[in-house]
Amino acid sequence: MKVLLFAQLEEIVGEREIEIKSEPITVQQLKKVLLEKYPNLRSLDSTIVAVNEEYVKNDTPLKENDVVALIPPVSGG
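Everything quoted here is computed from the prediction, not taken from an experiment.

J.: Looking at this structure, I do not really get the overall build of the protein. What am I missing?
T.: From N to C terminus, the protein includes two helices and seven strands. Along the protein, helices (α) and strands (β) appear in the sequence β-α-β-β-α-β-β-β-β when read from the amino end. Expressed along its principal axes, the backbone C-alpha trace of the protein runs to roughly 40 × 25 × 20 Å. Burial status across the protein gives 34% buried among its 77 residues. The contacts of the protein with a sequence gap of at least 6 include a subset with a gap of at least 24, amounting to 52%. Total accessible area on the protein stands at roughly 5,300 Å², and carbon and sulfur atoms take up 50% of it. Computed over 9 positive and 13 negative side-chain charges, the separation of the two mean positions in the protein equals 3 Å.

J.: I keep staring at the pattern of salt bridges and nothing clicks. Help me out?
T.: Tallying each qualifying case throughout the model produces two salt bridges. Across the salt bridge formed by K2 and E17, the nearest N and O atoms sit 3.8 Å from each other. Separated by 15 residues along the polypeptide, K2 in strand β1 (residues 2–5) and E17 in strand β2 (residues 17–19) bring together distant segments of the chain. Here E10 and R16 are joined by a salt bridge, their closest N and O atoms 3.7 Å apart.

J.: Explain the nonpolar core to me, please; I cannot follow it from the model alone.
T.: Where a protein is soluble and globular, its nonpolar side chains tend to be buried together. Ranked by size, the top nonpolar core spans 19 residues in total, and within it V3, L30, L34, V68 and L70 carry the most contacts. For this core, the secondary-structure elements that each account for two or more residues are β1, α1 (8–13), α2 (27–37), β4 (48–51) and β7 (67–71). If near-sequence neighbours (up to four positions away) are discounted, L70 is found in contact with V3, L4, L5, F6, L9, L34, L44, T47, I48 and V49.

J.: Hey, could you run me through the sheet that holds β7 in this one?
T.: By way of backbone hydrogen bonds, the strands of a sheet pair with one another, either parallel or antiparallel. Here we have five strands laid out as an open sheet, ordered β2-β1-β7-β4-β5, and mixed in their pairing. Looking at the sheet topology across the chains shown, the edges are occupied by β2 and β5 (54–55). One ladder, built from four bridges, connects β4 with β7; its direction is antiparallel. Residue I48 lies in a different strand from β7, and its bridge partner there is I71. Where α2 meets the sheet, it contacts β1, β2, β4 and β7, and its direction lies at approximately 115 degrees from that of β4.

About the thresholds
- The numbering scheme is per chain: residues are counted from 1 as the chain's sequence reads.
- Where local features are concerned, this predicted model is filtered to residues with pLDDT of at least 70; where side-chain atom pairs are given and counted, the filter is 80 or more; whole-chain, interface and lining totals use all residues.
- Side-chain measures were taken over the full set of non-hydrogen atoms in the model, leaving aside hydrogen atoms and water.
- Counting from the N terminus, the helices are the DSSP runs of H or I reaching at least four residues and the strands are the DSSP runs of E reaching at least two.
- Burial classes follow relative accessibility: with a 1.4 Å probe on protein chains only, a residue under 20% of its type's maximum area counts as buried, one over 50% as exposed, and anything between as partly exposed.
- In what follows, a contact means two residues having at least one pair of non-hydrogen atoms within 4.5 Å.
- For accessible areas, the Shrake-Rupley method is used with a probe of radius 1.4 Å. Any residue's cover is judged against the shown protein chains and nothing else.
- Note that His is not counted, nor are the chain ends; the positive residues are Lys and Arg, and the negative ones are Asp and Glu.
- Charge positions come from single atoms, namely NZ of Lys, CZ of Arg, CG of Asp or CD of Glu.
- Salt bridges are defined as contacts in which a side-chain nitrogen from Lys or Arg sits within 4 Å of a carboxyl oxygen from Asp or Glu.
- Side-chain atoms within 4.5 Å link the members of a nonpolar core, which is a set of buried Ala, Val, Leu, Ile, Met, Phe, Trp, Tyr and Cys residues.
- Following DSSP output, two strands are said to pair if at least two bridges run between them.
- Angles run from 0 to 180 degrees between N-to-C directions of axes, and those axes are lines fitted to C-alpha atoms, restricted for helices to the stretch in contact.

Below, the structure is given as structure tokens:
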């Protein structure tokens, strides 16, 4: 599956897009896989996740051809 990273997540990983090869997993399991591979991604719990351009919850199952977008919280003023 393709994982798109935005803002500080992209800065931490050093890439805007990564490929993850995995058996069918949930969003929460994907976050765990990413945290093991990139330990500096500590803020994944507060990250908004979209799959195929629709916002989803942590228990959403992911499929091989999904496009997953990880969007960190945004602060502004």
